[in-house]
Amino acid sequence: MNFQKSEELYKRANKVLVGGVNSPVRAFKAVGGYPFFVASGNGAYITDVDGNRFIDYVLSWGPLILGHAHPDVVAAIQEALKRGSSFGIPTEAEILLAEKIRRHFPSIEKLRLVNSGTEAAMSAIRLARGYTGRNLVVKIEGCYHGHVDALLVKAGSGLTTFGVPTSPGIPTEHARSTLTIPYNDLAAAQMLVESAPKDIACFILEPVPGNMGVVLPQPNYLQELRALTEKHGILLIFDEVMSGFRVSLGGAQQRYGVVPDITILGKVIGGGLPVGAYGGRAPIMDMLAPVGPVYQAGTLSGNPLATAAGIATISILESPGVFESIEARMTTLFRELEGIVRKTGIPVYTTQSGTMGCMFFHDGPVRNYTDAVESDTARYASFFWKMLEAGVYLAPSQFEAMFMSLCHTELEIEKTLEASEKAFAELS
Ligand SMILES: *Cc1c(COP(=O)(O)O)cnc(C)c1O
């Protein structure tokens, strides 16, 4: 496979864009080498500037659950664009998208649309602090909520250790008000709450984390977190930016039957355009301006293009059998992959929830961040390049999810399995 034009563009890009990219993981640092540049996408496939074609399991990091350039989504955006791209005045489409979201997320009585998952997460914790009058935020190690100052904090050495910023530029006061605990560790959550029951505003987590690879909740973990936070007047925030409309139509909260106070959404609800949302019980949401005192605003929030793409995407997803068929294909792919892995004897632990999943190059179960980072990232990198050479694009990092779309048919699954069989054989 030839990547000459991509290499040239990458050199040019590096002169004007930091690291040649506009979001760090795109630089392929975790797998070595340099990124390819995309010319176009269609259905399950992307074509790069050198004419190479790949089956895409990254799908713009999750949003494109209908595949690239789905005709209905393209048409919806074109129709909306003809009427004007932004007004900063209310439009009916905002109500339609909100109603659609609410239908699938009954825990959301009211919501606010924003322009990214980061913005939604940032606003949600401000709201939680404003509503409870408390300052501390508890986050789960390895969960990602965008590049929000208070949430770019990893675990310290102990569970009550105050957070250490993982990025320079974050004031230590911010990091200090964020406490971190491991995923799937209820005892850690209980100890933390008992140490400061009246100071914790909220727990924020990805109910099914997808940003340390995909990790599944142990039975009752989410239910117990719900009970614990409720008992102490702590708001439970589910960041379903990735899992919303992916783990199930109604996200992880539907699949596991847990009702959070606030839900954060993004990715799929924008159908490939920039969007985010946060919503929850009405009394909490009514703390937001213009009804309440907690301020949050946005020039392009709920803009006609993003809402049109979101409505079109969700409309197709909710037609009978559509989501189920995407999930079924993911299940088939993962079942077959597990069979291939077993034959090679390479230690790989697979996880799948709905239409997202992960192959950890890890010996034994991955239950939390500590387990995830034990994965053999060098071997993953080698696997990644072999798959790319065979025309299959996986996430350029071990700690990302694999996504399925409506356009991945049996043919693409078959090709992916053939490529995997060969790649695993070469690795062992
Ligand atoms: C992608 C993601 C975000 C950030 O969303 P952006 O739109 O990239 O700001 C937040 N939380 C989760 C769980 C995500 O997967």
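Report on the accompanying structure.

### Regarding the overall build of the protein chain
No. 1: Assigned secondary structure in the protein chain consists of 14 helices and 16 strands.
No. 2: For a compact globule of 428 residues, the expected C-alpha radius of gyration is about 22 Å, and the protein chain comes in at 21 Å, within 12% of that figure.
No. 3: Taken along its principal axes, the extent of the C-alpha atoms in the protein chain is 55 × 55 × 50 Å.
No. 4: Expressed as a percentage of the 428 residues in the protein chain, the buried residues total 55%.
No. 5: Across the protein chain, contacts joining residues at least 24 apart in sequence account for 73% of those joining residues at least 6 apart.
No. 6: Side chains of the protein chain give 36 positive and 42 negative charges; the mean places of these two sets differ by 3 Å.

### A few points about the pairing of strand β8 (residues 178–181)
No. 1: Residues Thr178 and Thr180 line one face of β8 and the alternating positions Leu179 and Ile181 line the opposite face, and both faces are buried.
No. 2: With 4 bridges connecting them, strand β5 (residues 136–140) and β8 associate as parallel partners. Across the sheet, the residue bridging to valine 138 is leucine 179, located in β8.

### With respect to the packing of helix α11 (residues 322–344) against helix α14 (residues 410–427)
No. 1: It is the contact of α11 with α14, at a shortest axis distance of 10 Å, that shows an interaxial angle of 20°. Accordingly, the angle class assigned to the pair α11 and α14 is roughly parallel. The hand of the α11/α14 crossing is right-handed. Of the residues in α14, those touching α11 at Arg329, Leu333, Glu336, Leu337, Ile340, Val341, Lys343 and Thr344 are Glu410, Ile413, Thr416, Leu417, Ser420, Glu421, Phe424 and Ala425.

### Observations regarding the side chain of serine 177
No. 1: Among the structural elements, serine 177 can be located in the loop between α5 (172–176) and β8.
No. 2: A polar side-chain atom of serine 177 sits 2.9 Å from the main-chain carbonyl oxygen of histidine 174.
No. 3: In contact with serine 177, not counting residues within four places along its chain, are Arg129, Asn135, Leu136 and Val137.

Parameters and conventions
- Residues numbered from 1 in each chain as written.
- Predicted model: local features only at pLDDT ≥ 70, side-chain atom pairs only at ≥ 80, totals over all residues.
- Heavy atoms only, no water.
- Helix = DSSP H or I, 4+ residues; strand = E, 2+ residues; numbered from the N terminus.
- Rg over C-alpha atoms; globule rule 2.2 N^0.38 Å.
- Buried < 20%, exposed > 50% of the residue type's maximum accessible area, 1.4 Å probe, protein only.
- Contact = heavy atoms within 4.5 Å.
- Lys, Arg positive; Asp, Glu negative; His and termini not counted.
- Charge placed at Lys NZ, Arg CZ, Asp CG, Glu CD.
- Pairing = 2+ DSSP bridges.
- Axes fitted to C-alpha atoms, helices over the stretch in contact; angles between N-to-C directions.
- Parallel < 35°, antiparallel > 145°, perpendicular 65-115°, else oblique.
- Left-handed = near helix turned anticlockwise from the far one by under 90°.
- Polar contact = N/O pair within 3.5 Å; in protein donor to acceptor, adjacent residues only side chain to side chain.

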